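Each chain, written out:
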Amino acid sequence: MLWLSYFRGMMKIAIFPGSFNPLTIGHQDILQRALPLFDKVILAIGVNPNKTYEYPIEQRQADLENLFKNEPKISTATYEKLTVDFCKKINATFIIRGLRNTKDFEFEQPIAQMNYLIGAGIETIFLSAQPQYTHISSSLVREIKQLGGKVESFLPRTTATE
Ligand code: ADP
C-alpha cells in the first residue's frame, strides 16, 4: 500500500532538479523514463535569487504542473538553496540527472559525489539521453528563440484539448 510505505519512509522519492528554462523534450524524455523507477518524482526548479527570468518562476511552475497534470507520480516544486537540503526537506533520497555526452558526465560526476557526501547517502541516478535528443539544450533553444527562430519542435506539446 502506497500510503503505508510513505509513513514507513519506504517510498522511493526522487527529484529531477534543473533550471528548465525552458523544459525541453529532452528533459521530458528523462522524466518519463525515470517514472517506473520511483514512487514519486518531483520536478524541482532551482531558483537563483540573483537571476532575473523572462517568465516569473510561479508562471513556469504553473505551466509545468499543467503539463504533467495527468501523471499522478509527478509533482513540481521550486527551491533556492542546496539541492540535498531540499531533498531532505521532502524526504527524497534520489536525484535524477540526464547525460547527453561526456561533457555532461564530467560536469555531473563531482556534483553527484559531493551530494552523496554532504547529503549523507543521497544517490544520483543518471539516465542517458536518447540519441535523438542529445543536441537539445535549454540555452540553445533560448538563443534560437531570441534570434527569431522556431523552437516548438524542441518543446513538449500540450494536449490538444487545451
Ligand atoms: P541545470 O541548469 O541544472 O543543468 P538543466 O535544466 O539545463 O539544468 O538540465 C537539467 C538536467 O537535464 C541535467 O541533468 C541535464 O544534463 C539534463 N538535460 C538537459 N537537456 C537534456 C537532453 N536534451 N536530454 C537529456 N537530458 C538533458
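1. Considering unusual backbone geometry
Right, on to step 1. Between N21 and the following residue, P22, the backbone shows a cis peptide bond with an omega angle of 5 degrees.
Right, on to step 2. Looking at where P22 falls in the secondary structure, it is placed in the loop between β1 (13–18) and α2 (25–34).
Right, on to step 3. Positive phi is not limited to glycine here, since N91 has a value of about 65 degrees.
Right, on to step 4. In this structure, N91 sits in the loop between α4 (83–89) and β4 (94–99).

2. Structural notes on the pairing of β4
Right, on to step 1. In the sheet, β1 pairs with β4 via 2 bridges, with the strands oriented parallel. The residue bridging A14 from the neighbouring strand is F94, located in β4.
Right, on to step 2. Relative to strand β5 (residues 123–128), β4 runs parallel, the two being bridged by 6 bridges. By the bridge assignment, R97 is partnered in β5 with F126.
Right, on to step 3. Traced from β4 through helix α5 (residues 102–118) to β5, the parallel crossover comes out right-handed.

3. A look at the site of the ligand
Right, on to step 1. Neighbouring residues of the ligand: 16 residues in total, closest S19, F20, G98, Y133 and I136.
Right, on to step 2. With respect to the ligand, the side chain of R97 contributes an N or O atom lying 3.1 Å from an oxygen atom.
Right, on to step 3. In the model, a nitrogen atom of the ligand is placed 3.2 Å from a nitrogen or oxygen of the R100 side chain.
Right, on to step 4. Coverage of the ligand by the protein chains reaches 84% of its 550 Å² of free accessible surface.
Right, on to step 5. Of all elements in the fold, only β1, α2, β4 and α5 reach the threshold of two or more residues within the shell around the ligand.
Right, on to step 6. For the shell around the ligand, a count of residues per class yields 7 nonpolar, 5 polar and 4 charged.

4. Section: a nonpolar patch on the surface
Right, on to step 1. A grouping of L82, M114, Y116, L117 and I118 is seen on the molecular surface, where their side chains present a nonpolar patch of about 520 Å² in accessible area.
Right, on to step 2. Relative to the elements of secondary structure, I118 occurs in helix α5.
Right, on to step 3. Judged by its relative accessible area of 42%, I118 is partly exposed.

So, how was this worked out
- Residues numbered from 1 in each chain as written.
- Predicted model: local features only at pLDDT ≥ 70, side-chain atom pairs only at ≥ 80, totals over all residues.
- Heavy atoms only, no water.
- Helix = DSSP H or I, 4+ residues; strand = E, 2+ residues; numbered from the N terminus.
- Pairing = 2+ DSSP bridges.
- Right-handed = clockwise from strand over helix to strand, strands pointing away.
- Near = heavy atom within 4 Å.
- Polar contact = N/O pair within 3.5 Å; in protein donor to acceptor, adjacent residues only side chain to side chain.
- Areas by Shrake-Rupley, 256 points an atom, 1.4 Å probe, with all protein chains shown as cover.
- Nonpolar A, V, L, I, M, F, W, Y, C, P; charged D, E, K, R; others polar.
- Patch = residues over 30% accessible without salt bridge, like charges linked within 9 Å, V, L, I, M, F, W, Y side chains within 5 Å.
- Salt bridge = Lys/Arg side-chain N within 4 Å of Asp/Glu carboxyl O.
- Buried < 20%, exposed > 50% of the residue type's maximum accessible area, 1.4 Å probe, protein only.

These results come straight from atomic positions and should not be treated as a statement about function.
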